[in-house]
Amino acid sequence: MILQLDTSLLKKIDNLSLNQLLFLNLVLNYNQKNHQDVTAIVSQVSNNEIQDLINNNYISYKEIDKGLPYEPTNTLLSLVNYNHEFDRFYNLYPTYVTRPDGTKGFLKGNKKKCEEQYKKIVKQIDSELLYNCLLKDVEQKTMTGKLGYMKTMWKWLTQCEWEVIEDQLITESETINTIAYGTKLL
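Residues numbered from 1 in each chain as written. Predicted model: local features only at pLDDT ≥ 70, side-chain atom pairs only at ≥ 80, totals over all residues. Heavy atoms only, no water.

Peer 1: How would you sum up the overall build of the protein? Please name residues and give values.
Peer 2: Along its length, the protein carries 10 helices and four strands. Ordered by position from N to C terminus, the α and β elements of the protein give α-α-α-α-β-β-α-α-β-β-α-α-α-α. The proportion of buried residues among the 186 residues of the protein is 32%. Restricting to contacts in the protein with at least 6 residues of sequence separation, those with at least 24 account for 57%. Split by element, the accessible area of the protein, about 12,300 Å² in all, is 50% carbon and sulfur. (Helix = DSSP H or I, 4+ residues; strand = E, 2+ residues; numbered from the N terminus. Buried < 20%, exposed > 50% of the residue type's maximum accessible area, 1.4 Å probe, protein only. Contact = heavy atoms within 4.5 Å. Areas by Shrake-Rupley, 256 points an atom, 1.4 Å probe, with all protein chains shown as cover.)

Peer 1: Give me the confidence of the model for the protein: which residues, what numbers.
Peer 2: Scored by pLDDT, the protein comes out at a mean of 82, with 81% of its residues at no less than 70. Mean pLDDT across the elements of the protein bottoms out in helix 3 (residues 36-43) (70) and peaks in helix 9 (residues 153-158) (94). (pLDDT = per-residue confidence, 0-100.)

Peer 1: Help me get a handle on helix 4 (residues 47-55), residues and values and all.
Peer 2: Where helix 4 is concerned, the buried positions are E49, I50 and L53. Seen from one end, helix 4 has its buried residues packed into an arc of 100 degrees, which puts them on one side. In helix 4, those exposed residues whose orientation departs by more than 90 degrees from the buried face are N47, N48 and N55. On its buried side, helix 4 packs onto helix 2 (18-28), strand 1 (59-61) and strand 2 (70-72). Count one or two residues on from helix 4 and you reach N57, which has phi positive near 65 degrees. (Arc of directions from axis to C-beta.)

Peer 1: If you had to explain the environment of E85 to someone new, which residues and values would you point to?
Peer 2: Among the secondary structure elements, E85 is positioned in helix 6 (residues 82-92). For E85 and Y131, which are 46 residues apart along the polypeptide, the C-alpha to C-alpha distance reads 8.6 Å. Ignoring sequence-local partners within four residues, the contact set of E85 consists of V80, Y118, V122 and S127.

Peer 1: Which residues make up the nonpolar core, and what values do they have?
Peer 2: Generally speaking, soluble globular proteins have nonpolar side chains that are buried together. One finds F89, Y93, L130, M150, M153, W156 and L157 to be the most contacted residues of the largest nonpolar core, which totals 20 residues. For this core, the secondary-structure elements that each account for two or more residues are helix 6, helix 7 (111-122), helix 8 (127-144), helix 9 and helix 10 (162-177). In contact with M153, not counting residues within four places along its chain, are F86, F89, Y90, Y93, L107, K108 and C114. Membership of the second largest hydrophobic core comes to 16 residues, among which are L16, F23, L24 and V45. (Core = buried A, V, L, I, M, F, W, Y, C linked by side-chain atoms within 4.5 Å.)

Peer 1: Tell me what's going on with the side chain of K141, and back it up with residues and numbers.
Peer 2: By the element assignment, K141 lies in helix 8. Engagement of the side chain of K141 in a polar contact is seen with the side chain of D137, the distance being 2.8 Å. Residues contacting K141, with those up to four places away along its chain left out, are K146, L147, Y149 and M150. (Polar contact = N/O pair within 3.5 Å; in protein donor to acceptor, adjacent residues only side chain to side chain.)

Peer 1: Any details on the packing of aromatic side chains? Residues and values, ideally.
Peer 2: Counted under the stated rule, the structure contains 10 aromatic pairs. Plain terms: the ring middles of W156 and W162 are 6.4 Å apart, the flat faces sit at 45 degrees to each other, and that makes the pair tilted. An identical accessibility class is assigned to W156 and W162; each is buried. Taken together, the ring pairs in this structure connect F86, F89, Y90, Y93, Y118, W156 and W162 into an aromatic cluster. The positively charged end of R88 is found above the aromatic ring belonging to Y131, 3.7 Å away from the centroid. (Phe/Tyr/Trp six-rings, centres within 6.5 Å; stacked < 30°, edge-to-face > 60°. Lys NZ or Arg CZ within 6 Å of the ring centre and 35° of its normal.)

Peer 1: So what's going on with the packing of helix 2 against helix 4? Which residues, and what values?
Peer 2: For the pair helix 2 and helix 4, the least separation of the axes is 10 Å and the interaxial angle reads 60 degrees. Crossing geometry of helix 2 relative to helix 4 is assigned as right-handed. Where helix 2 approaches helix 4, its residues N19, Q20, F23 and L24 are matched on the opposing element by E49, I50, D52 and L53. Within the contact of helix 2 with helix 4, the residues separate by chemical class into four nonpolar, two polar and two charged. (Axes fitted to C-alpha atoms, helices over the stretch in contact; angles between N-to-C directions. Left-handed = near helix turned anticlockwise from the far one by under 90°. Nonpolar A, V, L, I, M, F, W, Y, C, P; charged D, E, K, R; others polar.)

Structure, rendered in structure tokens:
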């Protein structure tokens, strides 16, 4: 099992132990499944460390039969700053486009659902990568005159459009970093 940790919380929260950092990341990533590895990790976190996070208002606990008993509080979410990242993404996304048939297509519907989907995605990949993929997509479609074919934000997020563009970004960065034989001046 591979876990990605947001280590920026170490700078934002004083006296945060590594166990608490790991636990906060599990809560933020909603990885509290009944998975053997997660259970083994959580068992290493003491009740005192978890209670300290609750007392400092970083997480809340709810007794429920099924689902996630620990949830991030607004205090923790403000430290992670998901809303600012989504606002930046939202502002970059085109509001409307003129479709090839001449009609206007509005692209920013379902803002709340888009924000929820964005948060799910950002827990798996870097928000800066997602932003750069959108920027590249808008630039390419604008340069080629195909902005009218831009998908709505909801479809762009749910259909993982950034994955294709991510591959393009990786390929472009590799070709820029590769110096062909005989092209370097001495």
